[in-house]
Amino acid sequence: MSETGLPAWDEDLTARERVREIATTLTDPRSVEWVREQAGVSAWQTAKDELEMLVEFGQLRAIEGDDGHTKYAPNYQQRYFAELAALINDHTRAELREEIATIQAQIDDWKAEFGVSDRHELEASLADEQRAEAIRERNRVLRRWERATDNQRLLRQALQLYDDARSITPDQLGDPTQPGDGSASVSE
């Protein structure tokens, strides 16, 4: 239990599971030692082995740090495709279209509220003489607008891939638990 009386996040996890939890939420490249400390793992080799396994499975990338030691960084490409797959598998085309429309309505509201035609124009307005609170509000909206634009782009790509992705079944890709390379022929 933590000091608040709530269960600690790692209370029921093994050392390897704690390393995975920390490693799969990385946003910056980190060393084995950093991950080991954050995960509360005593054995450096346990953390190293788990990180190497995550690299092997494509969830992390191993890169050379400035100090010449290996650091582990997020595999943003894999995360992106996982997000696309989740959108496609968990939502209908209509739901994806509706979310795109909702995001666009929010962007249109910001354009009207600040009298700008795009996000870059709003950013340029930060140079205008304004009160500190007005500048802070524009900065908050800019961050939200950037996230909204990224989400909208992801949703649009999910829609573009929707039919193709939904038509692929595990049978066509091969069963990864069975011998063989698990690849499907292009002519299938």
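Residues numbered from 1 in each chain as written. Predicted model: local features only at pLDDT ≥ 70, side-chain atom pairs only at ≥ 80, totals over all residues. Heavy atoms only, no water.

1. Here's the deal with the overall build of the chain
(1) Moving on: On a plain count of helices and strands, the chain comes out with eight helices and two strands.
(2) Moving on: Secondary structure elements of the chain occur, N-terminal to C-terminal, as α-α-α-β-β-α-α-α-α-α.
(3) Moving on: Scored against the burial criterion, the 188 residues of the chain give a buried share of 24%.
(4) Moving on: Once local pairs closer than 6 in sequence are excluded, the contacts in the chain between residues at least 24 apart make up 52%. (Helix = DSSP H or I, 4+ residues; strand = E, 2+ residues; numbered from the N terminus. Buried < 20%, exposed > 50% of the residue type's maximum accessible area, 1.4 Å probe, protein only. Contact = heavy atoms within 4.5 Å.)

2. Here's the deal with the confidence of the model for the chain
(1) Moving on: Mean pLDDT over the chain stands at 85; residues scoring 70 or higher make up 84%.
(2) Moving on: Residue range residues 171–188 is modelled with pLDDT below 50. Its contacts to residues more than four positions away, or to other chains, number eight contacts. (pLDDT = per-residue confidence, 0-100.)

3. Some remarks on the pattern of salt bridges
(1) Moving on: What the rule picks out here adds up to ten salt bridges.
(2) Moving on: Note that Arg16 and Glu50 form a salt bridge whose closest N and O atoms lie 2.9 Å from each other. Of this pair, Arg16 sits in helix H1 (residues 15–23) while Glu50 is found in helix H3 (residues 44–56), placing the two residues 34 residues apart along the sequence.
(3) Moving on: A relative accessible area of 2% means that Glu50 is categorised as buried.
(4) Moving on: Among the ionic pairs, Glu50 bridges to Arg20, the shortest N-O distance being 2.4 Å. (Salt bridge = Lys/Arg side-chain N within 4 Å of Asp/Glu carboxyl O.)

4. Let's talk about the packing of aromatic side chains
(1) Moving on: Summed over the entire model, instances satisfying the criterion amount to two aromatic pairs.
(2) Moving on: Between Tyr80 and Phe81 the ring centres are 6.0 Å apart and the planes differ by 70°, which places this aromatic pair in the edge-to-face class.
(3) Moving on: With 5.8 Å between their ring centres and 35° between their planes, Trp110 and Trp145 make a pair best called tilted. With Trp110 in helix H5 (residues 93–114) and Trp145 in helix H7 (residues 132–167), this residue pair connects regions lying 35 residues apart in the sequence. (Phe/Tyr/Trp six-rings, centres within 6.5 Å; stacked < 30°, edge-to-face > 60°.)

5. Some points on the pairing of strand E1 (residues 60–64)
(1) Moving on: Relative to strand E2 (residues 70–74), E1 runs antiparallel, the two sharing five bridges. Considered in E2, the bridge of Arg61 is made with Ala73. (Pairing = 2+ DSSP bridges.)

6. Here we look at the packing of H1 against H3
(1) Moving on: Running from N to C, H1 and H3 cross one another at 55°; their axes reach a closest spacing of 9 Å. Between H1 and H3, the interaxial angle falls into the category oblique. Relative to H3, the crossing made by H1 is right-handed. Judged by residue contacts, Ala15, Arg16, Val19, Arg20 and Ala23 of H1 engage Thr46, Ala47, Asp49, Glu50, Leu51, Met53 and Leu54 from H3.
(2) Moving on: Considering only residue class, the contact of H1 with H3 consists of seven nonpolar, one polar and four charged. (Axes fitted to C-alpha atoms, helices over the stretch in contact; angles between N-to-C directions. Parallel < 35°, antiparallel > 145°, perpendicular 65-115°, else oblique. Left-handed = near helix turned anticlockwise from the far one by under 90°. Nonpolar A, V, L, I, M, F, W, Y, C, P; charged D, E, K, R; others polar.)

7. With respect to the nonpolar core
(1) Moving on: Counting 20 residues, the largest nonpolar core has Leu96, Trp110, Leu122 and Trp145 as the members making the most contacts within it.
(2) Moving on: If you list the elements that add at least two residues to this core, you get helix H4 (76–90), H5 and H7.
(3) Moving on: Among the elements that make up this core, the one with the highest residue count is H7 (nine residues).
(4) Moving on: Apart from the residues lying within four places of it in its own chain, the contact partners of Trp110 are Val116, Val141, Arg144, Trp145 and Ala148.
(5) Moving on: Residues Leu26, Val41, Leu51 and Leu60 belong to the second largest nonpolar core, which totals 13 residues. (Core = buried A, V, L, I, M, F, W, Y, C linked by side-chain atoms within 4.5 Å.)

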